[in-house]
Amino acid sequence: MADVDLVAWARGLDLAFGERRVLRGVDADFPRGAITCVLGGSGSGKTTLLKCLVGLLAPSAGSTALLGLDIVRAPAAEREAVLRRVGMLFQQGALFGSMTVGENVRLPLEQHTRLPPALMDRMVDLRLAQVGLADARDRRPSELSGGMQKRAALARASILDPEVLFCDEPSAGLDPVVSAGIDELLVFFARRLHVSVVAITHELSSVERIADRVVMLVGGEVIAQGALDEVRASPDPRLREFFERRPPPTERLGRPLLDELRPRDARR
Amino acid sequence: MEQLRIETDGDTLRVRGPLTAETAAALWRALEARVAEGGDVTVDLSGVSRLGTAGAAALAEGSARARAAGGRVVVAGPRPEHEEVLEQVVLPPVRPHRRRAPFLEHLGAGAHGAGAALARSLRLAGGAAWLAIASAWRGPRGRFAETVRHLVRFGSDGAPVVVTIALLLGLALAFQAAYQLRQFGASIFVANLVALSVLRELGPVMTAVVVIGRSGSSIAAELGTMVVREEVDALEVMGIDPVQYLVVPRLYAMTIAVPALTVFADAAGLLGGLLIGVTYLDIAPQAYLQQTLRFVVPGDLLIGLFKSVLFAWVIVFVAVAYGLAPKSGPDTVGRATTASVVTSIFLLVLVDTTVTTLHTIWLT
Ligand SMILES: Nc1ncnc2c1ncn2[C@@H]1O[C@H](COP(=O)(O)OP(=O)(O)OP(=O)(O)O)[C@@H](O)[C@H]1O
Ligand SMILES: [Mg+2]
């Protein structure tokens with residue numbers, strides 16, 4: 001089966017919050033060893049899809065698999081075993097406010113390995129230096145800027161060199177230079193540490209730098225997925241808008257007020 | 001500030017001056033009355049110096065009402081910059097704005113929801129209790145330091161207030177008893193009454209109420225904030241069981257802290273009785289102590305401590321159940337914290353009454 005090459009997939013995924021349907025029949029594949037970028041406008045359901053894939057949200061229909069396991073229905077012990085091989089960077093960081101940055105990054109090591117403490121300390125320092133936060137180790141998350149929190153959270157998510165790393169907008173809120181550094185780091189994870197990366201992003205420049213594959217979400221539906229060049233070449237107007245950074249035509253938002261107020265004879 | 005002037009000329013409203021948030025209400029009032037009658041209204045914008053969003057909204061709302069009444073609102077003489085504003089403002093499909101429920105409706109809904117909320121919290125508490133007991137079996141797993149930290153927070157930090165309150169309650173209780181018993185020349189029995197009430201009821205219950213206010217609320221708020229900030233989700237994705245990681249250290253700490261505080265409260269309460277006996281009733285300290293020791297049995301202390309362990313579990317499970325319940329924002333944290341305090345005081349009294357009743361039946 002093709003599943004052996006996929007670290008995660010979704011089939012016919014439906015999810016609604018109350019009346020609002022947020023995911024509509026989502027099919028998506030995330031191949032091993034690749035960097036897959038999930039693209040889509042604000043509110044298109046990207047974060048929701050990621051949470052379904054790691055089992056934090058249960059879909060109302062359809063199925064998912066993470067490292068071969070049906071994460072939603074699996075018993076807790078199996079779930080935990082699979083999740084130890086997974087890292088996730090939350091959109092808002094989700095750092096533990098009661099711990100320092102260093103303790104946050106150290107937590108997965110303490111919980112899941114039996115490494116000697118000195119080695120754990122060294123790993124924390126190394127990874128914090130990689131994300132450019134060597135000086136912030138002993139500070140609390142609340143004392144960091146938004147972009148610094150993002151990077152600290154990336155350090156925590158990646159400290160165990162997970163098989164799959166889910167990143168919810170890793171470079172949002174970062175300046176262009178730091179953002180390029182994070183992209184390089186993700187490529188390093190994928191190429192050298194054999195981490196399969198699933199990254200949500202709005203940044204076209206970042207997609208061009210890192211993506212092997214893209215999944216495009218619009219209004220909770222996957223409208224295209226595949227290699228970046230293929231998807232970019234698609235004539236679908238919704239993809240054109242995204243890649244050419246055009247705002248959608250106003251008919252979809254509503255009628256201009258001017259049309260409504262123009263005298264009939266003066267209509268263009 | 002420049003004024004807005006509106007002149008009426010047949011079906012035309014001639015507007016002069018700025019049409020902004022400060023002035024748009026006047027245009028709206030002029031429009032509202034006219035469009036309701038149906039027919040067309042022309043708004044002449046040629047004298048308008050500045051057209052803002054509020055002005056555009058007045059025109060849009062007027063136009064919508066006019067259409068509903070079978071008429072229209074049209075503009076005349078807009079300058080190019082006005083046209084640009086009116087081009088950029090789009091009319092989305094109309095949906096009614098939701099208003100917050102008025103106070104009485106809110107009360108009604110609250111009363112209706114109260115029963116459901118109680119059922120839900122009991123179910124949550126049951127689930128959490130089961131999980132906590134199951135994972136307590138596995139031990140705190142390297143969370144020893146964390147357990148000690150909570151023990152200090154729940155226990156030693158709370159000791160001064162618990163001891164003070166217990167002492168004062170002991171004084172008050174002894175006073176009440178002394179006043180009555182002295183009339184019968186039975187002053188010495190104050191010692192019996194104080195000892196029994198403090199050891200069996202007052203010490204454990206009063207300690208637990210203070211701990212609910214100090215620590216139960218803080219557990220609920222702390223965990224609730226972690227839920228809102230997705231920290232609990234993050235734990236789960238790391239393959240760390242949040243109940244094991246967050247609840248078990250607190251459960252251990254509370255199970256030690258509440259009985260320990262109860263012992264201090266008992267001592268302080270008895271001391272309060274002794275003070276009244278010595279000062280107000282002129283009983284010699286030795287006589288008072290002898291009377292106490294002769295009357296009290298170890299079972300009195302033990303039943304109090306047994307209760308305090310049950311109270312500790314009630315406090316932890318209720319706080320955790322409300323703290324870890326799904327949240328939609330900071331306001332839900334506040335509500336969950338309040339609900340956790342009310343629920344645990346209620347359950348505390350329920351447990352206390354049950355144990356006391358069973359104990360009394362068993363004794364007789
Ligand atoms: N807990 C929730 N309750 C109700 N609605 C929700 C909840 N979470 C998300 N939604 C809704 O689901 C939709 C998709 O949200 P999601 O967070 O997946 O968007 P997104 O694609 O990640 O957007 P962004 O790029 O802005 O982060 C939105 O319309 C949002 O309002
Ligand atoms: Mg998102």
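Enquirer: Honestly, the overall build of chain A in this entry has me stumped. Any pointers?
Expert: A tally of helices and strands in chain A yields 10 helices and 10 strands. Judged by the C-alpha coordinates and their principal axes, chain A covers about 85 × 45 × 35 Å. Residue burial in chain A is summarised as follows: out of 268 residues, 51% are buried. Expressed as a percentage of contacts within chain A between residues at least 6 apart in sequence, the contacts between residues at least 24 apart total 62%. Carbon together with sulfur atoms contributes 51% to the accessible area of chain A, which is approximately 12400 Å² in total. Positive and negative charge centroids in chain A, built from 36 and 36 side chains respectively, lie 2 Å apart.

Enquirer: Help me understand the site of ligand 1, please; the structure alone is not making it clear to me.
Expert: Residues and elements named next belong to chain A. In the region of ligand 1, 14 residues are neighbours, and Ser 42, Lys 46, Thr 47, Thr 48 and Gln 91 sit closest. Separating an oxygen atom of ligand 1 from a backbone N or O atom of Ser 44 is a distance of 3.2 Å. In this structure, an oxygen atom belonging to ligand 1 sits 2.8 Å away from a side-chain N or O atom of Gln 91. Contact with the protein chains removes 64% of the 630 Å² of surface that ligand 1 exposes when unbound. If you list the elements that add at least two residues to the shell around ligand 1, you get strand E2 (20–31) and helix H1 (46–53). Sorting elements by how many residues they give to the shell around ligand 1 places H1 first, with 3 residues.

Enquirer: Sorry if this is basic, but what is going on with a nonpolar patch on the surface here?
Expert: All names here are of chain B. A cluster of nonpolar side chains, Phe 144, Val 148 and Val 152, forms an exposed patch at the surface whose accessible area comes to about 280 Å². Looking at the element boundaries, Phe 144 is found in helix H5 (residues 144–154). Accessibility expressed as a relative area gives 64% for Phe 144, which makes it exposed.

Enquirer: What is the right way to read the nonpolar core from this model?
Expert: For soluble globular proteins, nonpolar side chains are generally found buried alongside one another. One finds Phe 30, Leu 66, Phe 96, Leu 107, Val 164 and Phe 166 of chain A together with Met 254 of chain B to be the most contacted residues of the largest nonpolar core, which totals 76 residues. It is helix H9 (residues 242–279) of chain B that contributes the most residues to this core, 12 residues altogether. Excluding its chain neighbours within four sequence positions, the residues that come into contact with Met 254 of chain B are Phe 154, Val 211, Ser 215, Ile 219, Pro 259, Ala 312, Ile 315 and Val 316 of chain B. Core analysis: the next-biggest nonpolar cluster, separate from the first, contains 46 residues, Ile 35, Ala 152, Ala 190 and Phe 243 of chain A among them.

Enquirer: Explain the coordination of the magnesium ion (ligand 2) to me, please; I cannot follow it from the model alone.
Expert: Angles between donor atoms at a metal ideally measure 109.5 degrees for a four-coordinate tetrahedral arrangement and either 90 or 180 degrees for a six-coordinate octahedral one. All names here are of chain A. The coordination sphere of the magnesium ion (ligand 2), as far as protein atoms go, consists of Thr 47 (OG1) and Gln 91 (OE1), spread over 1.9 to 2.2 Å. Taken together, the positions of Thr 47 in helix H1 and Gln 91 in the loop between strand E5 (86–89) and helix H3 (101–112) put the pair 44 residues apart, joining distant regions of the chain. For Gln 91, a relative accessible area of 29% translates into the label partly exposed.

Enquirer: Mind showing me how you'd approach the sheet that holds strand E8 (residues 213–218) of chain A here?
Expert: One key point about sheets: their strands pair by backbone hydrogen bonds, in either a parallel or an antiparallel sense. All names here are of chain A. Strand order in the open sheet formed by 6 strands is E5-E6-E7-E3-E8-E9, with mixed pairing between adjacent strands. The two strands at the open ends of the sheet, each matched to only one other strand, are E5 and strand E9 (221–226). Taken pair by pair, the neighbouring strands of this sheet meet at an average axis angle of 15°, ignoring direction. In this structure, strand E6 (residues 164–168) lies alongside strand E7 (residues 196–200), joined through 5 bridges in parallel fashion. Across the sheet, residue Cys 167 finds its bridge partner in E7, namely Ala 199. Strand contacts of helix H5 (residues 146–158): E5 and E6, with the helix running at about 175° to E5, the strand carrying the most contacts. Against the sheet, helix H9 (residues 237–244) engages strand E3 (35–40), E8 and E9, with an angle of about 110° to E8.

Enquirer: What's the story with unusual backbone geometry in this structure? I'm lost.
Expert: Most peptide bonds are trans, and most residues other than glycine sit at a negative phi. With phi around 55°, Glu 169 of chain A is a residue other than glycine that occupies positive phi space. Along the chain, Glu 169 of chain A turns up in the loop between E6 and helix H6 (176–192). The residue Asp 282 of chain B is not glycine, and still its phi comes out positive at about 55°. Following the sequence through the fold, Asp 282 of chain B ends up in the loop between H9 and helix H10 (285–295). Judged by relative accessible area, which is 65%, Asp 282 of chain B ranks as exposed.

Enquirer: Please explain the sheet that holds strand E4 (residues 61–66) of chain A as it appears in this structure.
Expert: All names here are of chain A. On the basis of which strands lie adjacent, the open sheet formed by 3 strands has the order E2-E1-E4 and antiparallel pairing. Edge positions in the sheet fall to E2 and E4, since each has one partner strand and no second. Put simply, the sheet's adjacent strands are angled 15° from each other on average, direction ignored. Bridge analysis of strand E1 (residues 6–17) against E2 gives 8 bridges, and the strand direction is antiparallel. Looking across to E2, one finds that Ala 10 is bridged to Ala 28. Along the sheet, H1 contacts E1, E2 and E4; its crossing angle with E1, the most-contacted strand, is approximately 120°.

Enquirer: Before we go on, may I ask you to explain the domain arrangement of chain B in this structure?
Expert: In many reports, interface size means the accessible area that the parts give up when they come together. Entries for chain B in the domain assignment read domain 1 (5–87) and domain 2 (120–363). Computed over C-alpha atoms only, the centres of domain 1 of chain B and domain 2 of chain B are separated by 68 Å.

What counts, and where the lines are drawn
- Residues numbered from 1 in each chain as written.
- Chains lettered and ligands numbered in written order.
- Predicted model: local features only at pLDDT ≥ 70, side-chain atom pairs only at ≥ 80, totals over all residues.
- Heavy atoms only, no water.
- Helix = DSSP H or I, 4+ residues; strand = E, 2+ residues; numbered from the N terminus.
- Buried < 20%, exposed > 50% of the residue type's maximum accessible area, 1.4 Å probe, protein only.
- Contact = heavy atoms within 4.5 Å.
- Areas by Shrake-Rupley, 256 points an atom, 1.4 Å probe, with all protein chains shown as cover.
- Lys, Arg positive; Asp, Glu negative; His and termini not counted.
- Charge placed at Lys NZ, Arg CZ, Asp CG, Glu CD.
- Near = heavy atom within 4 Å.
- Polar contact = N/O pair within 3.5 Å; in protein donor to acceptor, adjacent residues only side chain to side chain.
- Patch = residues over 30% accessible without salt bridge, like charges linked within 9 Å, V, L, I, M, F, W, Y side chains within 5 Å.
- Salt bridge = Lys/Arg side-chain N within 4 Å of Asp/Glu carboxyl O.
- Core = buried A, V, L, I, M, F, W, Y, C linked by side-chain atoms within 4.5 Å.
- Donors = N, O, S within 2.8 Å, 3.2 Å for Na, K, Ca; no water.
- Pairing = 2+ DSSP bridges.
- Axes fitted to C-alpha atoms, helices over the stretch in contact; angles between N-to-C directions.
- Domains from an automatic or database assignment.

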